[in-house]
Amino acid sequence: MLPVDLRGDFPILQQTVHGKPLVYLDNAATTQKPVAVLEAIAGYYRRDNANVHRAIHTLGERATARFEEARHKVAAFIGAPSPAQCIFVKNTTEAINLVAYSYKSWRTGDEIVLTPIEHHSNLVPWQQVARRFGLTLRFMPLLPDGHIDMEGYKKLLNDRTRLVAVTHVSNVLGTINPVRDIVAAAHQVGARVLIDGAQSVPHMPVRVEELDCDYLAFSGHKMCGPTGIGVLYGKMEALEELEPFLFGGEMIADVDLYSARWKELPWRLEAGTPHIAGAIGLGAAIDYLSRIGMAEIVRYEKELVDYARPRLQELEGLEIYGPRGERAGLFSFNLKGIHPHDVATLLDQEGVAVRAGHHCAQPAANWLQVPATVRASFYFYNTFEEIDALVAALGKAREFFGHVS
Ligand SMILES: Cc1ncc(COP(=O)(O)O)c(C=O)c1O
């Protein structure tokens with residue numbers, strides 16, 4: 001168990017759905033927000049609301065200070081050497097697109113290495129730049145349980161490899177990829193590495209200097225923060241390689257009628273009024289997670305996984321996908337003969353919120369050779385009783401469809 005009961009911090013979890021206590025197990029899609037985050041956002045709008053970096057007046061100075069303080073918190077949270085290396089964006093998707101569209105030195109024939117089970121956010125932007133600049137996408141081979149075949153990966157690397165873009169934790173299989181080794185191998189051929197941290201930064205300590213990654217992308221809303229705010233971290237020299245692709249206010253040092261010069265990092269990659277309240281909310285989320293401790297969150301989510309796995313496996317006709325050993329706090333599965341959408345609908349009747357579909361990773365479903373899966377994903381506020389409720393609801397779903405084999 002976690003040392004303190006945090007459920008009371010999440011008003012949304014106190015409700016019933018269809019007359020049953022809400023069991024929220026769709027945390028890989030988005031997480032719930034504690035009161036501390038809600039109050040930080042409301043407090044900003046109540047007391048400090050003004051635009052940042054421009055005004056001389058008191059509110060403007062306060063808003064700027066709080067916005068930049070949030071950036072410091074982000075940097076400390078991921079161990080970035082400087083806050084200037086943390087660019088505020090909308091979400092993981094925008095962070096990846098920012099790299100894809102701002103990197104201007106692609107050469108025809110350059111290769112980008114991915115896994116075949118990336119979220120669409122870490123696949124489609126690369127498809128687009130590949131088309132535009134004549135690049136080649138290469139895909140790491142996977143072992144049957146979804147882990148990367150590291151020997152196969154290393155064989156793909158060569159002097160044309162410009163970038164390796166890989167998820168840290170798969171949002172479909174729950175595999176935790178050995179990103180440090182992936183980075184080390186890529187650096188040997190001079191390639192840059194982008195880590196999609198959407199499913200790792202919220203759930204485990206992620207220290208960019210230890211991973212030695214060139215870029216890291218993640219979303220605030222998956223870590224108790226608000227929607228609409230995310231982060232692109234980069235090594236200074238990797239960020240220097242990016243030319244802005246959004247132009248306008250906030251990113252400009254000086255302008256004449258025919259030309260303009262950009263501000264320093266991080267602002268030159270943040271055109272227009274930023275999501276100030278979002279950044280402050282993310283800062284509050286980071287404070288909240290840090291008070292619990294990321295090591296504590298990892299430990300507790302592992303307990304949830306160890307508790308859930310045998311109980312799910314006991315259900316006849318339930319097939320779990322992904323690794324048998326260590327996995328992140330999520331399970332994708334199917335109940336034999338029942339469409340995942342029907343399973344999710346029935347679970348909702350029992351108050352249990354899960355996801356059904358391809359989870360924005362259609363190639364991952366193809367790799368599993370299934371059209372879709374059900375996904376139950378945990379966070380530190382979930383309880384063992386909620387896993388019991390999930391298992392009971394799945395048992396009911398199976399009976400309802402008369403598939404007791
Ligand atoms: C692994 C992974 N990458 C990227 C994303 C995209 O995140 P966002 O929609 O916040 O941009 C997700 C969201 O589910 C994800 O799980």
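Quantities reported herein were computed from a predicted structural model and do not represent experimental measurements.

### Things to note about the site of the ligand
Reasoning step 1: Around the ligand sit 15 residues, and of these Asn-91, Thr-93, His-119, Asn-171 and Ser-219 come closest.
Reasoning step 2: Of the residues belonging to the shell around the ligand, the class tally is 4 nonpolar, 10 polar and 1 charged.

### Quick word on the environment of Tyr-321
Reasoning step 1: Here Tyr-321 is to be found in strand E13 (residues 318-321).
Reasoning step 2: Note: C-alpha distance between Tyr-321 and Ser-332 (11 residues apart in sequence) is 5.7 Å.
Reasoning step 3: Those residues within four positions of Tyr-321 in sequence are excluded, and the remaining contacts are Leu-173, Ser-332, Phe-333, Leu-368 and Thr-373.

### A word on helix H4 (residues 124-133)
Reasoning step 1: Looking only at H4, the buried set comprises Pro-125, Trp-126 and Val-129. All buried residues of H4 fall inside an arc of 95° around its axis, so they share one side.
Reasoning step 2: Tucked into the core, H4 has its buried residues touching helix H3 (92-102), strand E5 (111-114), strand E6 (136-139) and strand E7 (161-167).
Reasoning step 3: Among the residues trailing H4, Gly-134 stands out with phi positive, at a value near 70°.

### So, unusual backbone geometry
Reasoning step 1: Here the bond from Leu-265 into Pro-266 is cis, since omega is 5°, no more than 30 degrees from zero.
Reasoning step 2: Following the sequence through the fold, Pro-266 ends up in the loop between strand E12 (260-262) and helix H9 (276-292).
Reasoning step 3: Even without a glycine there, the phi angle at His-53 is positive, about 65°.
Reasoning step 4: For His-53, the position within the fold is in the loop between helix H1 (35-48) and helix H2 (58-78).
Reasoning step 5: Positive phi outside glycine occurs at His-359, with the angle close to 55°.

### Describing the pairing of strand E17 (residues 373-377)
Reasoning step 1: Counted residue by residue, E17 has 5 buried out of 5 residues, so it is predominantly covered.
Reasoning step 2: Both faces of E17 are covered, namely the face carrying Thr-373, Arg-375 and Ser-377 and the face carrying Val-374 and Ala-376.
Reasoning step 3: With 3 bridges connecting them, strand E16 (residues 355-357) and E17 associate as antiparallel partners. Across the sheet, the residue bridging to Gly-357 is Thr-373, located in E17.

### Focus: the domain arrangement of the protein
Reasoning step 1: Along its sequence, the protein is carved into domain 1 (7-30 + 293-400) and domain 2 (37-291).
Reasoning step 2: A C-alpha centroid distance of 28 Å is found between domain 1 and domain 2.
Reasoning step 3: Residue-level contacts link 24 residues of domain 1 with 24 residues of domain 2.
Reasoning step 4: For the side of domain 1 that touches domain 2, the secondary-structure elements that each account for two or more residues are helix H10 (294-313), strand E14 (330-335) and helix H12 (362-368).
Reasoning step 5: Looking at which element gives the most residues to the side of domain 1 that touches domain 2, the answer is H10, with 5 residues.
Reasoning step 6: Classifying every residue of the side of domain 1 that touches domain 2 gives 15 nonpolar, 5 polar and 4 charged.

### Digging into the packing of H2 against H9
Reasoning step 1: Running from N to C, H2 and H9 point in directions that differ by 40°, and their axes come no closer than 8 Å. The angle between the axes of H2 and H9 places the two elements in the oblique class. Helix-helix and strand crossings are classified by hand; for H2 and H9 the assignment is left-handed. Between H2 and H9, the residues in contact are Ala-63, Arg-66, Phe-67, Glu-69, Ala-70, Arg-71, Lys-73, Val-74 and Phe-77 and Ile-276, Ala-279, Ile-280, Leu-282, Gly-283, Ile-286, Asp-287 and Ser-290, respectively.
Reasoning step 2: A breakdown of the residues in the contact of H2 with H9 according to their chemical character gives 10 nonpolar, 2 polar and 5 charged.

Rules and cut-offs
- Residues numbered from 1 in each chain as written.
- Predicted model: local features only at pLDDT ≥ 70, side-chain atom pairs only at ≥ 80, totals over all residues.
- Near = placed C-beta within 6 Å.
- Nonpolar A, V, L, I, M, F, W, Y, C, P; charged D, E, K, R; others polar.
- Helix = DSSP H or I, 4+ residues; strand = E, 2+ residues; numbered from the N terminus.
- Contact = placed C-beta atoms within 7 Å.
- Buried ≥ 20, exposed ≤ 12 C-beta atoms within 10 Å, placed from the backbone.
- Arc of directions from axis to C-beta.
- Pairing = 2+ DSSP bridges.
- Domains from an automatic or database assignment.
- Axes fitted to C-alpha atoms, helices over the stretch in contact; angles between N-to-C directions.
- Parallel < 35°, antiparallel > 145°, perpendicular 65-115°, else oblique.
- Left-handed = near helix turned anticlockwise from the far one by under 90°.

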